[in-house]
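This is what each chain is made of:
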Amino acid sequence: YFNKLSNLIPINSNLFNSKIEKVNKDNLVYSINSSIAGESLQSKIKRLKKIINNMKIDNLFISSNENVCWLLNIRGRDLPNSPVANFQAIFTNRKKIYLFGDIRKLKKLKKKFLKKNIKFFEKDKFFQILCSIKGKSFCIDSKTCSLFNENLINSKFNIKKRNDPIYILKSIKNSIEVKNMKDIHIQDGVAVTKFLYWIKNSNIDKLDEIKVEKKL
């Protein structure tokens, strides 16, 4: 894209270390019940382990926040208008999971995770934990893995695959997910209909983008 106009170089430090986010009850990570997700955490871990064993991979680095949320049946409030929890994870072929992120936000889930053999660390502990992990090979996600993390992994392991298998797993919707999608589409359709009715019965000359946004 930049051709020869610019040189891109990796930054080996966190530019946002000085900004400490306040953690309160409104931005804690929370879990969703399997009755809503349609599949339990244990079932997802079992299926993922089978896949990476078939791939003959020792470890998987899950760099996509969305994929971590899907696997662990968790959600968060780290992004506006999207229930994403800003965490990454390492999944081993021994079904061990190392979770990296702001562990203050796991206040409600720490005991549950420890029982499921899920350990959690701040992101600056990534390389330390990486060095303690057994095995010879890794799979990373070429779409979301940073060059910095890729270099750290490559310094200790052989990167054999670059496609996170969770994308395929979560693309196949179970019956509960299909039902929820249908229900949400109905609710969304009702909301759009109400909004259009409001527009048609309002004085257009007195409306602006801010008023319309507030109505939405």
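See above for the structure.
Residues numbered from 1 in each chain as written. Predicted model: local features only at pLDDT ≥ 70, side-chain atom pairs only at ≥ 80, totals over all residues. Heavy atoms only, no water.

Trainee: I keep staring at the overall build of the protein chain and nothing clicks. Help me out?
Mentor: Per the secondary structure count, the protein chain includes 9 helices and 8 strands. With respect to the three principal axes, the spread of C-alpha positions in the protein chain is 65 × 50 × 35 Å. For the protein chain, the share of sequence-separated contacts (at least 6 apart) that also reach a separation of at least 24 residues comes to 58%. Carbon together with sulfur atoms contributes 54% to the accessible area of the protein chain, which is approximately 14900 Å² in total. Taking the average location of the 44 positive side-chain charges in the protein chain and that of its 19 negative ones, the two points are 9 Å from each other. (Helix = DSSP H or I, 4+ residues; strand = E, 2+ residues; numbered from the N terminus. Contact = heavy atoms within 4.5 Å. Areas by Shrake-Rupley, 256 points an atom, 1.4 Å probe, with all protein chains shown as cover. Lys, Arg positive; Asp, Glu negative; His and termini not counted. Charge placed at Lys NZ, Arg CZ, Asp CG, Glu CD.)

Trainee: Would you take a moment to explain the layout of surface pockets for this structure?
Mentor: Once rolled over the atoms, a probe with the size of a water molecule shows which space is left empty. Within this model, the second largest pocket holds a volume of roughly 590 Å³. Along the wall of the second largest pocket there are 19 residues; nearest its centre are I32, W70, R75, K173 and E177. At the level of secondary structure, the elements contributing two or more residues to the lining of the second largest pocket comprise α1 (34-37), α3 (65-72) and α8 (175-200). Ranked by residue count, the leading element in the lining of the second largest pocket is α8, at 5 residues. Its residues placed into classes, the lining of the second largest pocket shows 9 nonpolar, 4 polar and 6 charged. (1 Å grid on protein atoms, 1.4 Å probe; cavity = no way out; pocket = protein on both sides within 12 Å on 5 of 7 lines; lining within 4 Å. Points joined across faces, edges and corners; volume = space filled by probe spheres on them. Nonpolar A, V, L, I, M, F, W, Y, C, P; charged D, E, K, R; others polar.)

Trainee: Any chance you could explain the environment of P80 here in plain terms?
Mentor: Structurally, P80 can be placed in the loop between β3 (74-75) and β4 (88-92). Judged by relative accessible area, P80 falls into the exposed class, the value being 68%. (Buried < 20%, exposed > 50% of the residue type's maximum accessible area, 1.4 Å probe, protein only.)

Trainee: What is the right way to read the pairing of strand β2 (residues 59-62) from this model?
Mentor: Residues in a regular strand project their side chains so that they alternate between the two faces of the sheet. By the alternation rule, side chains of β2 split into N59 and F61 and L60 and I62, which are all buried. Two strands pair when backbone bridges link them, and β2 and β4 are joined in this way by 4 bridges, in the antiparallel orientation. Bridging across to β4, F61 finds its partner in I90. Sheet topology note: the β2/strand β7 (residues 137-139) ladder contains 2 bridges and is parallel. Paired with L60 across the strands is C139, a residue of β7. (Pairing = 2+ DSSP bridges.)

Trainee: For this particular structure, what's the right way to read the sheet that holds β2?
Mentor: By definition, the strands of a sheet pair up through backbone hydrogen bonds, in either a parallel or an antiparallel sense. On the basis of which strands lie adjacent, the open sheet formed by 6 strands has the order β6-β5-β4-β2-β7-β8 and mixed pairing. Edge positions in the sheet fall to β6 (118-121) and β8 (158-161), since each has one partner strand and no second. Strand-to-strand, the axes of this sheet are offset by a mean angle of 25°, without reference to chain direction. Across the sheet, helix α6 (residues 147-154) touches β2, β4, β7 and β8, and the angle it forms with β8 is around 115°. (Axes fitted to C-alpha atoms, helices over the stretch in contact; angles between N-to-C directions.)

Trainee: Explain helix α2 (residues 41-54) here, please?
Mentor: An α-helical segment advances 3.6 residues per turn. Residues three or four places apart therefore align on the same side. Between its first and last C-alpha, α2 extends 20 Å over 14 residues, near the 20 Å set by a 1.5 Å rise per residue. Those residues of α2 lying buried are L41, K44, I45, L48 and I52. An end-on view of α2 places all buried positions within 95° of arc, on one side of the element. Of the residues in α2, the exposed ones pointing more than 90 degrees away from the buried face are K46, K50 and N54. K56 occupies a position one or two residues after α2 and carries a positive phi of about 60°. (Expected span 1.5 Å × (residues − 1). Arc of directions from axis to C-beta.)

Trainee: I keep staring at unusual backbone geometry and nothing clicks. Help me out?
Mentor: The general pattern is negative phi for most residues beyond glycine and trans for most peptide bonds. Phi angles above zero are rare outside glycine, and K56 is one such case at about 60°. Examined against the element boundaries, K56 turns out to sit in the loop between α2 and β2. Residue K56 is classed as exposed on the basis of its relative accessible area, which comes to 65%. Phi at N117 is positive, roughly 65°, even though this residue is not glycine. Its location among the elements puts N117 in the loop between α4 (110-115) and β6.

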